[in-house]
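# Coordinates in review
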Amino acid sequence: IRSNIPLSPELALGPDLHSEGHTVIDMGDDQMTRGRPHPMIDPALKLARIGAEAADPTCGVLLLDLVLGYCSHPDPADDMAEAIRGAIATAAAAGRRLPVVVALVGVESDPQGLSRCAATLAAAGADVYLSNAAATRRALDLLAS
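As a starting point, this report considers the structure included with it. The structure presented is a predicted model; accordingly, all values stated were derived computationally and were not measured.

How each quantity is defined
- Residues numbered from 1 in each chain as written.
- Predicted model: local features only at pLDDT ≥ 70, side-chain atom pairs only at ≥ 80, totals over all residues.
- Heavy atoms only, no water.
- Pairing = 2+ DSSP bridges.
- Helix = DSSP H or I, 4+ residues; strand = E, 2+ residues; numbered from the N terminus.
- Axes fitted to C-alpha atoms, helices over the stretch in contact; angles between N-to-C directions.
- Buried < 20%, exposed > 50% of the residue type's maximum accessible area, 1.4 Å probe, protein only.
- Parallel < 35°, antiparallel > 145°, perpendicular 65-115°, else oblique.
- Left-handed = near helix turned anticlockwise from the far one by under 90°.
- Contact = heavy atoms within 4.5 Å.
- Nonpolar A, V, L, I, M, F, W, Y, C, P; charged D, E, K, R; others polar.
- Expected span 1.5 Å × (residues − 1).
- Arc of directions from axis to C-beta.
- Polar contact = N/O pair within 3.5 Å; in protein donor to acceptor, adjacent residues only side chain to side chain.

### With respect to the sheet that holds strand E5 (residues 127-129)
- In space, the three strands of this open sheet follow the order E3-E4-E5, with parallel pairing throughout. Lying at the two open borders of the sheet, with one neighbouring strand each, are strand E3 (62-67) and E5. Between one strand axis and the next, the sheet turns through 25° on average, direction left out of account.
- With three bridges joining them, strand E4 (residues 100-105) and E5 adopt parallel strand pairing.

Right under this line is the structure:
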């Protein structure tokens, strides 16, 4: 898996972070947050990347995370849901299906409301999981099918 935080140097993405095969990008890495808020606070870069990946015909699944809690964006699910709907529509307009899987990290007492966020993302067309491991397994299953 190629990444901006690769497990080995030969799997590093180039400086433009262009996806190559299976790609994982840590949008919260220091390289991505230098001079700007973390994507938990300002999701602009993450939302733009969702759109870019949706337009890439080699993208088979979008695996996203959304972290709730204090010091996070006050209402992140609505913006992400809009980006998910746009990504699915972009892929459909190109004649393909783009599954979206979200690992939703939080608890019901978070200010954003875990159940509300999960419902918003699901209504946008995402498969929502409350575990990173379960979301990753679902993404891998989708790639295999």
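Still more to cover.
### Observations concerning unusual backbone geometry
- At Leu17, a residue that is not glycine, the phi angle is positive and equals roughly 60°.
- Positive phi is not limited to glycine here, since Cys71 has a value of about 75°.
- Relative to the helices and strands, Cys71 resides in the loop between E3 and helix H3 (76-93).
- Judged by its relative accessible area of 69%, Cys71 falls in the exposed class.

### Some points on the packing of H3 against helix H4 (residues 114-123)
- Axis separation between H3 and H4 bottoms out at 9 Å; the angle between their running directions is 15°. Taken together, the axes of H3 and H4 are roughly parallel relative to one another. Taken as a pair, H3 and H4 cross one another with a handedness that is right-handed. Residues Ala77, Asp78, Met80, Ala81 and Ile84 of H3 pack against Arg116, Cys117, Thr120 and Leu121 of H4.
- Classifying every residue of the contact of H3 with H4 gives six nonpolar, one polar and two charged.

### Comments concerning helix H2 (residues 44-55)
- In this model, H2 (twelve residues) spans 17 Å end to end at C-alpha, consistent with the 16 Å of a helix rising 1.5 Å per residue.
- Those residues of H2 not exposed but buried are Lys46, Arg49, Ile50, Glu53 and Ala54. Along the axis of H2, the buried residues cluster in a sector spanning 135°; they form a single face.
- Elements in contact with the buried residues of H2: E3 and H3.

### Some details on the packing of H2 against H3
- In contact at an axis separation of 8 Å, H2 and H3 are set at 10° when each is read in the N-to-C sense. With respect to H3, the element H2 is oriented roughly parallel. Read as a crossing pair, H2 and H3 show a hand that is right-handed. Contacts between H2 and H3 involve Lys46, Leu47, Ile50, Ala54 and Ala55 on the former and, on the latter, Asp79, Met80, Ala83, Ala87, Thr90 and Ala91.

### Some remarks on the side chain of Arg49
- For Arg49, the location among the structural elements is in helix H2.
- Classification of Arg49 as buried rests on a relative accessible area of 19%.
- Within the structure, the side chain of Arg49 is placed 2.8 Å from the side chain of Glu53, a separation counted as a polar contact.

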